[in-house]
Amino acid sequence: MPGKERSIVVSYIMRVLQGCEEASLLALKQREEALPLRKKLEMKIHLLFCSCCTNFVKQSEKIDISLNGFFQQLSEEPPFTAHGDFKAMLKEKLK
Amino acid sequence: MNTTDPSKWVDLYTDYLFSYALFKTGNREEAEDLVQETFLSAFKNREGFQGNSTEKTWLTSILKNKIIDYYRKKKSGLSLDEYLDTTTQDFDNTYFNVDANHHFNADIGPNYISESPDAYLLTKEFQKFLEICLMKLPMKIRAVFTAKYLDEEKSETICKEYNITPSNYWVLLFRAKVMLRECLEKKGVLS
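Counting of residues starts from 1 at the beginning of each chain's written sequence and follows it residue by residue. Think of it this way: whatever chain is written first is A, whatever ligand is written first is 1, and the rest follow in order. It should be noted that, the model being predicted, local features are given only for residues of pLDDT at least 70 and side-chain atom pairs only at 80 or more, the latter also being counted only at that level, while totals for whole chains, interfaces and linings use all residues. Values reported for side chains reflect all heavy atoms of the structure, with hydrogen atoms and water molecules removed beforehand.

### Some thoughts on the interface of chain B and chain A
Taken residue by residue, the interface counts 58 residues in chain B and 51 residues in chain A. When a carboxyl oxygen of Asp or Glu lies within 4 Å of a side-chain nitrogen of Lys or Arg, that pair is called a salt bridge. Connecting chain B to chain A are 6 salt bridges. Residues B:Lys124 and A:Glu77 are paired through a salt bridge, measuring 2.9 Å at the closest nitrogen-oxygen approach. We define a polar contact as two N or O atoms separated by no more than 3.5 Å, with the added condition that, inside protein, one atom must be a possible hydrogen donor and the other a possible acceptor, whereas residues neighbouring each other in sequence contribute only through side-chain atom pairs. Where chain B packs against chain A, one counts 19 residue pairs in polar contact (both at pLDDT 80 or more). Throughout, a contact is declared for two residues whenever any of their heavy atoms are within 4.5 Å.

Structural data, given as structure tokens:
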């Protein structure tokens, strides 16, 4: 399809289907829950034509990888340290 | 059989419980208060520790319940559902073009997250940015977000704990993701 016609089709599709906000939310949701067929189809079609949303979904998956790694280490390597004074006060109270 | 030894708790668990509470509340003083309440409540009920779980798991579950109470008390009139309703316009205007069928405002460059190898996402460098960005999440959003990612709870449990509808649960998670990715793309604005 020539470029101009394709862009008209794409802008039509973007107008009648879900916006990015709904489509990208549904894309995250469908990884854990089944969507109604119509919603799922609309979302898939939106993603086919929308680089912003496909990028968002990819970034979201990458962020999940990082988040899971980060929180799994929390127990072994807590990123924050409580103040010494606070710990001393706790020790007193637990006697 | 009770095998718990309170004299060792502070050295063994404070930094972990404090970090946990800080991610949940985003506030240092409130995290300290919650950790203190947890230790005192555990100390008072130490006879009840059965040794079925580890001391750490036991203390974490006490802290977790204190945090749920903390959020319930702190509602200050606005439930999470109401919070979403009153902030929708701001959120939409910030991240989406409301005049163009809610298209993303801009494709955020330089888009290094999508192109980073997974190994980089687990490095201390990237996770430092992640930590900065997590701490910037609004208080109302972080409770549900950390329940999913830190506690790995199921959506039904989270909806019940925080009294939200399943559909708003997804809106909260989605907003958190949008905010996190924008912050991460700016590398936490290196603040």
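### Remarks on the pattern of salt bridges
Within this structure, the stated rule accounts for 16 salt bridges over all chains. Residue B:Asp15 is joined to A:Lys87 by a salt bridge in which the shortest nitrogen-to-oxygen separation is 3.1 Å. Of this pair, B:Asp15 sits in helix 1 (residues 6-25) while A:Lys87 is found in helix 5 (residues 84-93), placing the two residues in two different chains. A salt bridge links B:Asp11 to A:Lys91, with the shortest nitrogen-to-oxygen separation between them at 2.9 Å. Remark: A:Lys91 occurs in helix 5 and B:Asp11 occurs in helix 1; the pair is interchain, linking two chains. Only protein chains enter the calculation, and the probe is 1.4 Å; a residue is then buried if its accessible area is under 20% of its type maximum, exposed if over 50%, and partly exposed in between. On the basis of relative accessible area, A:Lys91 is assigned to the partly exposed category, the value being 36%. Residues participating in the shared-partner salt-bridge network are A:Arg31, A:Asp64 and B:Lys177. Strands here mean DSSP runs of E at least two residues long; helices mean DSSP runs of H or I at least four residues long; both are numbered from the N terminus.

### As for the packing of aromatic side chains
In this scheme Phe, Tyr and Trp rings, the latter by its six-membered ring, pair at centre separations within 6.5 Å, and the angle between planes marks the pair as stacked below 30 degrees, edge-to-face above 60, and tilted otherwise. The final tally for this structure, using the stated rule, is 21 aromatic pairs over all chains. Residues A:Phe70 and B:Phe23 carry aromatic rings whose centres are separated by 5.4 Å and whose planes lie at 85° to one another, so their mutual orientation is edge-to-face. Linking A:Phe70 in helix 4 (residues 51-73) with B:Phe23 in helix 1, this pair reaches from one chain into another. The same class applies to A:Phe70 as to B:Phe23, namely buried. Here B:Trp9 and B:Phe39 contribute two aromatic rings whose centre-to-centre distance is 6.0 Å and whose plane-to-plane angle is 15°, an arrangement assigned as stacked. A residue pair is termed long-range when its members are at least 10 positions apart, and B:Trp9 in helix 1 and B:Phe39 in helix 2 (residues 28-44) qualify at 30 residues. Cluster of aromatic residues (ring-pair linked, three or more members): A:Phe56, B:Phe91, B:Tyr95, B:Phe96, B:Phe104 and B:Phe174. By the criterion adopted, a ring carries a charge over it if an Arg CZ or a Lys NZ lies within 6 Å of its centre and within 35 degrees of its normal. Here B:Lys148 stacks its cationic end above the ring of B:Tyr149, 5.3 Å away from the centre of that ring. Above the plane of the ring of B:Phe104 lies B:Arg181, whose end atom (NZ or CZ) is 5.0 Å from the centre.

### Quick look at helix 3 (residues 37-49) of chain A
All names here are of chain A. To estimate the expected span of a helix, subtract one from its residue number and multiply by 1.5 Å. Taking 1.5 Å of rise per residue, 13 residues should cover 18 Å, and helix 3 covers 19 Å from first to last C-alpha, within 8% of that figure. By the burial criterion, the buried members of helix 3 are Glu 42, Met 43, His 46 and Leu 47. The arc that holds every buried residue of helix 3, seen down its axis, measures 135°, which confines them to one face. Across helix 3 from its buried face, at more than 90 degrees, point the exposed residues Leu 37, Arg 38 and Leu 48. By definition, the arc is the one covered by directions from the helix axis to the C-beta atoms.

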